[in-house]
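The primary structure of each chain is shown beneath.
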Amino acid sequence: MDFTTFVKPSNGGGSGGGDANDGGQKLQFWKHVEYIENHGKQEDDYEYCMTEFLRMSGIYWGTTALDIMGQLERLERKSIIEFVKRCQCPTTGGFAPCEGHDPHLLYTLSAIQILCTYDALEEIDREAVVRFVVGLQQPDGSFFGDKWGEVDTRFSFCAVASLTLLGRMEQTIDVEKAVKFVLSCCNQTDGGFGSKPGAESHAGLIYCCVGFFSLTQRLHLLDVDKLGWWLCERQLPSGGLNGRPEKLPDVCYSWWVLASLTIMGRLHWISSEKLQQFILSCQDAETGGFSDRTGNMPDIFHTLFGIGGLSLLGHSGLKAINPTLCMPQYIIDRLGIKPQRLPRP
Amino acid sequence: MHGRVKVRTTEEERERKKKEQALKVRAYRAAMGRIQKKREAGELDNEMLSLTVQILLRNPDVSTLWNIRRECVLEKLSKLKEGEATYETPTEEKSEEEKQTEASEKKTLPEDNAHSVFTHELDLTEQCLMVNPKSYNAWHHRCWTLEQNPQADWQREVQLCNKYLKFDERNFHTWDYRRYVTGKAMVPAVQELDFCTEKIKVNFSNYSSWHHRSLLLPGLYPNQQKDRPMSEEKLQKELEMVLTAAFTDPNDSSAWFYQRWLLGSGAQLDRAPRIAAFRLDSHGAVLALDKPYPDIKQLRTELIGGEETILLESWLPVDKLGTSWKCQQNFDYQRNSAYSFRLSDQNVNLSPMSGSENGAYYFAPPHGTASCSKDLLAELQTQLQSCLDLLEFEPDSKWTLLTSALLMRAIDFSANHETSLLNLAKLEKVDSLREGYYKDLAARWTMESELDKWPQTSGFPKSFDIADKVLLESLPYGQYLVIADEISIPNKLKEKLGDSVPKTFADLKLLS
């Protein structure tokens, strides 16, 4: 199954959106729409083929970015839902990234996110998904990604995010134990989090852990001053943010740091203006799409985080995004979910 | 996809590349198709292993292929157990010499013995990690393989980490793996600390190594009072080392983060909340905690007066964060009795309100002073002087400005309060990206100072007045004011805070 069948014939131009100019570079709105729409139209495309092992996440990145831009109808709803349904493993209940691959928590969350976007959760066996997630929790509260036993705080986030979206956080997993495990991954030096106890703090994993506490309504457990400082120190003179000290800036890290700071009520600790300039400088004006850094090759992953970052920064012409779940806010409202956020001090 | 520069290519080159890629796509599809067929047929054999190798060497992120390899390994192991295990390695302990001979004989051993099965997997992950040293899947497969092998050579894995950290000293996967294998190999913590020191000597700009160090020190040199990250003696040595490193290139942030941690309290994230402030009269009580704790029902709260112990129940939240609480319970308050208040295992004596006021209170300002030996104080002063000297030459050096403010506060926070605020004001300009952070930090330090001075003011604890602090951008520690009747803050701040102006004892009485 390829992305090809998800794309409706292009109608060219269209309405909605807007070429907003927020100083410096302009957002290449329609170029990005086109980029996402065309992503995978050529099924023999090398990159596309080589990334089939994360196809489900790829679809989540594409649909979410398009939805934020108000252009979701450009993709074929029905065939996407059919694809997602075919990827649910009949034995375990988890989702594979694509047919012929094995189910995993990472792709299970992506699948649930896509179905929420399309308001189509009833199309799948939800109880089976709940069983899959619950079955991966370990006695210490951590989560395996799949039956092969890798433990990572990313999976703790995937587990609670999936259950929250399914409305099944109550009486399923042991939340207290899950909280205890994530807390054991907090580093005293910087208040940040790594992938497992003792692992170095990393912006991507911090996003997962802060998101985890936001979903379990336990943000009070964070050392917001310490962690917020470390996070705002990720901003570099270019305006972009890195994931760890003395590393290069990157659009995806920009999202992870930005979203974490927003959840913690500390967005004003960085320069939004400079960050916006950086994100816009990572657009590919020829093909559309965003790359990790200025002048690099664009991809669908960085395109979502570029668009998402701009939305969080309040760029005009984009729908509001929820920082915890990285999905359009209107969907989160429709589901009646309220991830916790701290007020600005 | 990270770090791929977009390059201009000629039409010809593009065509050539396209053809090349088309071939790769075809090969990938063919191999994947074959793998899936074989898996369905349950053929977990050597052919399966070689098919997956072809793809994994190029793309170690295809996790399903690693799963298939694990299935193959388990299949082989169970067959070996079933009795075909004539070549299986004996389980008794072997000397180093024997191990070496065995390793050299390895090639002559038949394919299917447990040792060679494991070696095969380890070799493949090593090759894959050469291609992509950040492949979660390859690292995990290596861990999984070693866990299957009761005779895994953990010492060899430690050596492998040493090698990998030479290629990339910041790869967090390698550091994570190192913590895992040094645990298995039971490498003493002191030895790991020496390893960190060596790494930092080679290149001090290594946040990963400073981090690893921060995990080892509190255990090796514990602080008895628990108000600093490690013993004062060791702390002094660390401060010396880190400042030397930081001064090598004051613009590199790695060592400065470590320095700030050293100067902190070393408090654990999961420590219990402590009583910040408490006040009661005949109609009820208010309680402020030094950190948020929404689940107050979990904590036992008691009022002890004279012969009586009253359990305080049904606390209601005063703020959204869970730092201040009220309890509308009637007491028979006796002016002449001494009262104390207990929160879990913390017990504090209450002071009676002055004048004709009915009731009693407790207050502990947020800025605690950690113990400081003469030697440590001298070290802090030397460090501050070095920072001030550097600022003479580089007055805009961000990290030096921040660190000197932190050192001043560590030496004497109230005497140096105004000077440390000047540093923050300067930082707002030289590090303007984080202007908002410095403003909030200035507000914190100001409130810490004002709350520290509060008990000495005439209106304490009934009135709190900081109306003259017009630069205040936010009002941290607001919960401490819950015991006051009246608070005066600058008008601008009041407008900004709106609904979140802290509630006072008087406000809460009106509400009840």
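In the annotation of an unreviewed UniProt entry, chain B is listed under the name Geranylgeranyl transferase type-2 subunit alpha and assigned to Drosophila erecta. Its UniProt record gives chain B a comment under Catalytic activity (unreviewed entry), which states: "geranylgeranyl diphosphate + L-cysteinyl-[protein] = S-geranylgeranyl-L-cysteinyl-[protein] + diphosphate". According to UniProt, the comment filed for chain B under the heading Function (unreviewed entry) is "Catalyzes the transfer of a geranyl-geranyl moiety from geranyl-geranyl pyrophosphate to cysteines occuring in specific C-terminal amino acid sequences."

Looking at an unreviewed UniProt entry, one finds chain A named Geranylgeranyl transferase type-2 subunit beta, with Drosophila erecta as its source organism. According to its UniProt record, chain A has this under Catalytic activity (unreviewed entry): "geranylgeranyl diphosphate + L-cysteinyl-[protein] = S-geranylgeranyl-L-cysteinyl-[protein] + diphosphate". Heading Sequence similarities (unreviewed entry) of the UniProt record for chain A holds this comment: "Belongs to the protein prenyltransferase subunit beta family."

### Considerations on the overall build of chain B
Per the secondary structure count, chain B includes 18 helices and 12 strands. Its C-alpha atoms give chain B a radius of gyration of 32 Å, more than 25% over the compact-globule value 24 Å for 512 residues. Projected onto the principal axes, the alpha-carbon positions of chain B cover approximately 95 × 60 × 55 Å. Taking all 512 residues of chain B together, 50% fall into the buried category. Sequence separation of 24 or more characterises 60% of the internal contacts of chain B that already satisfy a separation of 6 or more. Accessible surface computed for chain B: about 26000 Å², of which carbon and sulfur atoms make up 50%. Across chain B, the 68 positively charged side chains and the 78 negatively charged ones have centroids separated by 6 Å.

### Overview of the pairing of strand β6 (residues 324-327) of chain B
Residue and element names in this part refer to chain B. Burial of β6 is two-sided: the residues Ser324 and Lys326 facing one way and the residues Trp325 and Cys327 facing the other way are all buried. Judged from the three bridges that link them, strand β5 (residues 315-317) and β6 form a sheet pairing that is antiparallel. Residue pairing in the sheet places Leu316 in a bridge with Lys326 of β6. Counting the residues in the hairpin turn of β5 and β6 gives six residues, including Gly322, whose phi is positive at 85 degrees.

### Describing the domain arrangement of chain A
Frequently, the measure chosen for interface size is the accessible area removed from exposure when the parts meet. Residues and elements named next belong to chain A. Taken as a whole, chain A is organised into domain 1 (52-173) and domain 2 (222-344). Across the domain 1/domain 2 interface, buried area totals approximately 1700 Å², and carbon plus sulfur atoms make up 74% of it. Where domain 1 packs against domain 2, one counts two salt bridges. Asp67 is the partner of Lys319 in a salt bridge, and the nearest nitrogen-oxygen pair spans 2.8 Å. Counting every contact that joins domain 1 to domain 2 gives seven residue pairs in polar contact (both at pLDDT 80 or more). Per-element tally for the side of domain 1 that touches domain 2: the top contributor is helix α3 (residues 55-68), with eight residues. Counted by class, the side of domain 1 that touches domain 2 contains 10 nonpolar, seven polar and two charged residues.

### Considering the sheet that holds strand β7 (residues 339-343) of chain B
All names here are of chain B. In space, the four strands of this open sheet follow the order β4-β3-β7-β8, with antiparallel pairing throughout. The sheet is open, and its two edges are formed by β4 (308-311) and β8 (346-349), each paired on a single side. Averaged over all adjacent pairs, the angle separating strand axes in this sheet is 20 degrees, with direction ignored. Two strands pair when backbone bridges link them, and strand β3 (residues 301-305) and β4 are joined in this way by four bridges, in the antiparallel orientation. Bridge pairing in β4 links Gly305 to Glu308.

### Section: the nonpolar core
One finds A:Phe193 and A:Phe305 to be the most contacted residues of the largest nonpolar core, which totals 195 residues. In terms of residues, this core owes the most to one element, helix α11 (residues 251-263) of chain A, which gives 10 residues. Ignoring sequence-local partners within four residues, the contact set of A:Phe305 consists of A:Trp61, A:Val251, A:Cys252, A:Trp255, A:Trp256 and A:Cys326. Counting residues in hydrophobic clusters, the runner-up holds 30 residues, among them B:Met353, B:Tyr361, B:Phe464 and B:Ala484.

### Some words on the confidence of the model for chain B
Should pLDDT be low for a region, the predicted coordinates there are not to be read in detail. Residue and element names in this part refer to chain B. Per-residue confidence for chain B averages 90 on the pLDDT scale, and 94% of its residues sit at or above 70. Confidence over residues 87-92 falls short of pLDDT 50; this stretch has nine contacts with residues more than four positions distant or in other chains. In this model, residues 102-111 is a region of pLDDT below 50 whose contacts with residues beyond four sequence positions or in other chains number nine contacts. Interface confidence in the predicted complex, given as ipTM, is 0.93; pTM for the same model is 0.93.

### Here we look at the pairing of strand β1 (residues 275-281) of chain B
All names here are of chain B. Of all the seven residues making up β1, seven are buried; the element is thus mostly covered by neighbouring parts of the structure. In this sheet, strand β2 (residues 284-289) lies alongside β1 in antiparallel orientation, the contact comprising six bridges. Within the sheet, the bridge partner assigned to Asp281 lies in β2 and is Gly284. Bridge analysis of β1 against strand β10 (residues 360-363) gives four bridges, and the strand direction is antiparallel. Of the residues in β10, the one forming a bridge with Arg279 is Tyr361.

### Points about the interface of chain B and chain A
Taken together, the 65 residues of chain B in the interface contact 68 residues of chain A. Summing both partners gives a buried area of about 6100 Å² for chain B against chain A, and 54% of it is carried by carbon and sulfur. Taken as a group, B:Lys6, B:Leu269 and B:Leu433 account for 12% of the area that chain B buries against chain A, more than any other trio of residues on that side. On the surface where chain B and chain A come into contact, there are eight salt bridges.

### A short note on the pattern of salt bridges
For side chains bearing opposite charge, pairing can occur when the charged atoms are close. Residues and elements named next belong to chain B. By the definition in use, this model includes 53 salt bridges over all chains. In this structure, Arg16 engages Glu20 in a salt bridge whose closest nitrogen and oxygen atoms are separated by 3.2 Å. Of this pair, Arg16 and Glu20 are both found in helix α1 (residues 11-40), four residues apart, which corresponds to roughly one turn of the helix. Using a relative accessible area of 36% as the deciding quantity, one classes Glu20 as partly exposed. When salt bridges with common partners are traced through the structure, they connect Arg34, Lys38, Glu43, Asp45 and Glu47 into a single cluster.

Calculation notes
Residues numbered from 1 in each chain as written. Chains lettered and ligands numbered in written order. Predicted model: local features only at pLDDT ≥ 70, side-chain atom pairs only at ≥ 80, totals over all residues. Heavy atoms only, no water. UniProt positions renumbered as here; feature names shortened; annotations may be inferred. Helix = DSSP H or I, 4+ residues; strand = E, 2+ residues; numbered from the N terminus. Rg over C-alpha atoms; globule rule 2.2 N^0.38 Å. Buried < 20%, exposed > 50% of the residue type's maximum accessible area, 1.4 Å probe, protein only. Contact = heavy atoms within 4.5 Å. Areas by Shrake-Rupley, 256 points an atom, 1.4 Å probe, with all protein chains shown as cover. Lys, Arg positive; Asp, Glu negative; His and termini not counted. Charge placed at Lys NZ, Arg CZ, Asp CG, Glu CD. Pairing = 2+ DSSP bridges. Domains from an automatic or database assignment. Buried area = accessible area lost by both parts, 1.4 Å probe. Salt bridge = Lys/Arg side-chain N within 4 Å of Asp/Glu carboxyl O. Polar contact = N/O pair within 3.5 Å; in protein donor to acceptor, adjacent residues only side chain to side chain. Nonpolar A, V, L, I, M, F, W, Y, C, P; charged D, E, K, R; others polar. Axes fitted to C-alpha atoms, helices over the stretch in contact; angles between N-to-C directions. Core = buried A, V, L, I, M, F, W, Y, C linked by side-chain atoms within 4.5 Å. pLDDT = per-residue confidence, 0-100.

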